[in-house]
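Residues per chain are reported as follows:
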Amino acid sequence: MSTETFTKTPGWLDWYAGPSKPAFVPPPGAVDAHCHVFGPGDAFPFAPERKYTPCDASKDQLFALRDHLGFARNVIVQATCHGADNRAMVDACLASGGKARGVATVRRSITDEELQQLHAAGVRGVRFNFVKRLVDFTPRDELMEIAGRIGKLGWHVVIYFEAVDLPELWDFFTALPTTVVVDHMGRPDVSKPIDGPEFALFQRFMREHANVWSKVSCPERLSVSGPRALDGERHPYRDVIPFARAIVEEFPDRVLWGTDWPHPNLKDHMPDDGLLVDFIPHIAVTAELQRKLLVDNPMRLYWPEEVK
């Protein structure tokens, strides 16, 4: 146990306690394909170089939420507050009894043996973060070297960026030698027209590169006009729906969904995760699309050995 004590970033919003039961029942075997664990800080200290200090959000709390929402599995993505120290994420994967896979953050200095240890724990991808307010710059040659090494393990690269930065990142992203999974549709500005040039570029990115997948998650981050997933609202974040539905319907075999629990760095509200699940049938409107989004696609990517 660490003797260090952590003070949350001022104004930090804790995750929503006592979430409602979703009206939407996920199909059997559904995967929450984007969530995190934070600490707990006394067991897994936060990284010295972090840009924020969160609340604690433990594996036990994550697994309780999984069961409450009607999901079977999780994909736990390394949170930036832990830097390249993957111990909290790995601990959660190992404790899951095979029901969780991980996405790590690694540096060029990682050894092949350490990569093999992560693989044995359930890690199947690495995350490259290009959101400038969250991480310091990493040279692209270092990232490309990491991508080449993890590709040999059958892992993929998860990329997090904002829509306005896609043009300058295009050449790097399209050169990656692995499956590439985009977090949160590349954070489109949903106040702009869906048929405008910015979102069209993201659609072109997916259309022209069959190795690119997208998470259609985090409407609570993208929404401008809401309404929020609070107070019993079963039709939240309506301004995000056309964007997410467009991606689900054009690329049904390359989409994933996740809660993003415990919702790091939200500034204005903390969603009720039960109501957040009720966003799903608005973007995947048929049982077939829901099964692809929540079961078939994440299983193929993270548990391929179980896919017949």
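Computed from a prediction, not measured in an experiment: that's the story for all the values here. (Residues numbered from 1 in each chain as written. Predicted model: local features only at pLDDT ≥ 70, side-chain atom pairs only at ≥ 80, totals over all residues. Heavy atoms only, no water.)

## Looking at the overall build of the chain
Phase 1 of the analysis: On a plain count of helices and strands, the chain comes out with eleven helices and eight strands.
Phase 2 of the analysis: Relative to a compact globule of 308 residues, whose C-alpha radius of gyration would be 19 Å, the chain shows 18 Å and is just as compact.
Phase 3 of the analysis: Projecting the C-alpha coordinates of the chain onto the three principal axes gives extents of approximately 45 × 45 × 40 Å.
Phase 4 of the analysis: In the chain, which comprises 308 residues, the share counted as buried stands at 57%.
Phase 5 of the analysis: For the chain, long-range pairs separated by at least 24 residues make up 77% of all intrachain contacts whose partners lie at least 6 apart in sequence.
Phase 6 of the analysis: Total accessible area on the chain stands at roughly 12,700 Å², and carbon and sulfur atoms take up 52% of it.
Phase 7 of the analysis: Each charge class in the chain can be summarised by its mean position, and for the 35 positive and 42 negative side chains these summaries are 2 Å apart. (Helix = DSSP H or I, 4+ residues; strand = E, 2+ residues; numbered from the N terminus. Rg over C-alpha atoms; globule rule 2.2 N^0.38 Å. Buried < 20%, exposed > 50% of the residue type's maximum accessible area, 1.4 Å probe, protein only. Contact = heavy atoms within 4.5 Å. Areas by Shrake-Rupley, 256 points an atom, 1.4 Å probe, with all protein chains shown as cover. Lys, Arg positive; Asp, Glu negative; His and termini not counted. Charge placed at Lys NZ, Arg CZ, Asp CG, Glu CD.)

## Some words on the pairing of strand β1 (residues 31-35)
Phase 1 of the analysis: Most of β1 sits out of view: five of its five residues are buried.
Phase 2 of the analysis: For β1 and strand β2 (residues 73-77), the ladder comprises three bridges, and the chain directions are parallel. Looking across to β2, one finds that valine 31 is bridged to arginine 73.
Phase 3 of the analysis: Handedness of the β-α-β unit built from β1, helix α1 (residues 59-69) and β2 comes out right-handed. (Pairing = 2+ DSSP bridges. Right-handed = clockwise from strand over helix to strand, strands pointing away.)

## Structural notes on the layout of surface pockets
Phase 1 of the analysis: Quantified by volume, the largest pocket comes out at close to 640 Å³.
Phase 2 of the analysis: At the level of secondary structure, the elements contributing two or more residues to the lining of the largest pocket comprise β4 (123-129), α4 (140-151) and α5 (166-175).
Phase 3 of the analysis: Looking at which element gives the most residues to the lining of the largest pocket, the answer is α4, with four residues.
Phase 4 of the analysis: Here the residues of the lining of the largest pocket sort into twelve nonpolar, six polar and eleven charged.
Phase 5 of the analysis: Size it by volume and the second largest pocket reaches roughly 390 Å³.
Phase 6 of the analysis: Together, 26 residues line the second largest pocket, and Arg187, Arg221, Pro264, Asn265 and Leu266 are the ones closest to its centre.
Phase 7 of the analysis: By residue class, the composition of the lining of the second largest pocket is eight nonpolar, nine polar and nine charged. (1 Å grid on protein atoms, 1.4 Å probe; cavity = no way out; pocket = protein on both sides within 12 Å on 5 of 7 lines; lining within 4 Å. Points joined across faces, edges and corners; volume = space filled by probe spheres on them. Nonpolar A, V, L, I, M, F, W, Y, C, P; charged D, E, K, R; others polar.)

## A short note on the state of the cysteines
Phase 1 of the analysis: Overall, the coordinates contain zero disulfides when judged by the stated rule.
Phase 2 of the analysis: Here cysteine 93 is not disulfide-linked; the sulfur of cysteine 35 is the nearest cysteine sulfur, at 9.0 Å.
Phase 3 of the analysis: Cysteine 218 forms no disulfide, and the closest cysteine sulfur to it belongs to cysteine 35, at a distance of 11 Å.
Phase 4 of the analysis: In this structure cysteine 218 comes out as buried when scored by relative accessible area, which is 1%. (Disulfide = S-S within 2.5 Å.)

## Describing the sheet that holds strand β8 (residues 255-256)
Phase 1 of the analysis: Here eight strands make up an open sheet; going across it, the order is β1-β2-β3-β4-β5-β6-β7-β8 and the pairing parallel. The sheet is open, and its two borders are formed by β1 and β8, each paired with just one other strand.
Phase 2 of the analysis: In the packing of helix α2 (residues 87-95) onto the sheet, contacts are made with β2, β3 (100-104) and β4, and the angle to β3 comes to roughly 165°. (Axes fitted to C-alpha atoms, helices over the stretch in contact; angles between N-to-C directions.)

## Digging into helix α11 (residues 287-302)
Phase 1 of the analysis: The end-to-end C-alpha separation of α11 is 21 Å, in line with the 22 Å expected for 16 residues at 1.5 Å each.
Phase 2 of the analysis: The largest bend along α11 reaches roughly 40° and is located at leucine 293.
Phase 3 of the analysis: Residues of α11 that are buried: Leu289, Gln290, Lys292, Leu293, Leu294, Val295, Asn297, Pro298, Met299, Leu301 and Tyr302. (Expected span 1.5 Å × (residues − 1). Bend = angle between axes of the 7 residues up to and from the residue.)

## Digging into the packing of aromatic side chains
Phase 1 of the analysis: Going through the model one piece at a time under the given rule, you end up with 15 aromatic pairs.
Phase 2 of the analysis: Seen from their ring centres, tryptophan 12 and phenylalanine 38 are 6.3 Å apart, and the 70° between their planes marks the pair as edge-to-face. Here tryptophan 12 is found in the segment before β1, whereas its partner phenylalanine 38 is found in the loop between β1 and α1, with 26 residues between them in sequence.
Phase 3 of the analysis: Phenylalanine 38 sits in the buried class, given a relative accessible area of 0%.
Phase 4 of the analysis: Centre to centre, the rings of phenylalanine 172 and phenylalanine 173 are 6.1 Å apart; their planes meet at 55°, and the pair counts as tilted. (Phe/Tyr/Trp six-rings, centres within 6.5 Å; stacked < 30°, edge-to-face > 60°.)

## Focus on the side chain of histidine 184
Phase 1 of the analysis: By secondary structure assignment, the location of histidine 184 is in the loop between β6 (180-182) and α6 (197-208).
Phase 2 of the analysis: The exposure class of histidine 184 is buried, given its relative accessible area of 2%.

## Here we look at the pairing of β2
Phase 1 of the analysis: Of all five residues that make up β2, five are buried, and the element is covered over most of its length.
Phase 2 of the analysis: Residues Arg73, Val75 and Val77 line one face of β2 and the alternating positions Asn74 and Ile76 line the opposite face, and both faces are buried.
Phase 3 of the analysis: Note on the crossover from β2 through α2 to β3: the handedness is right-handed.

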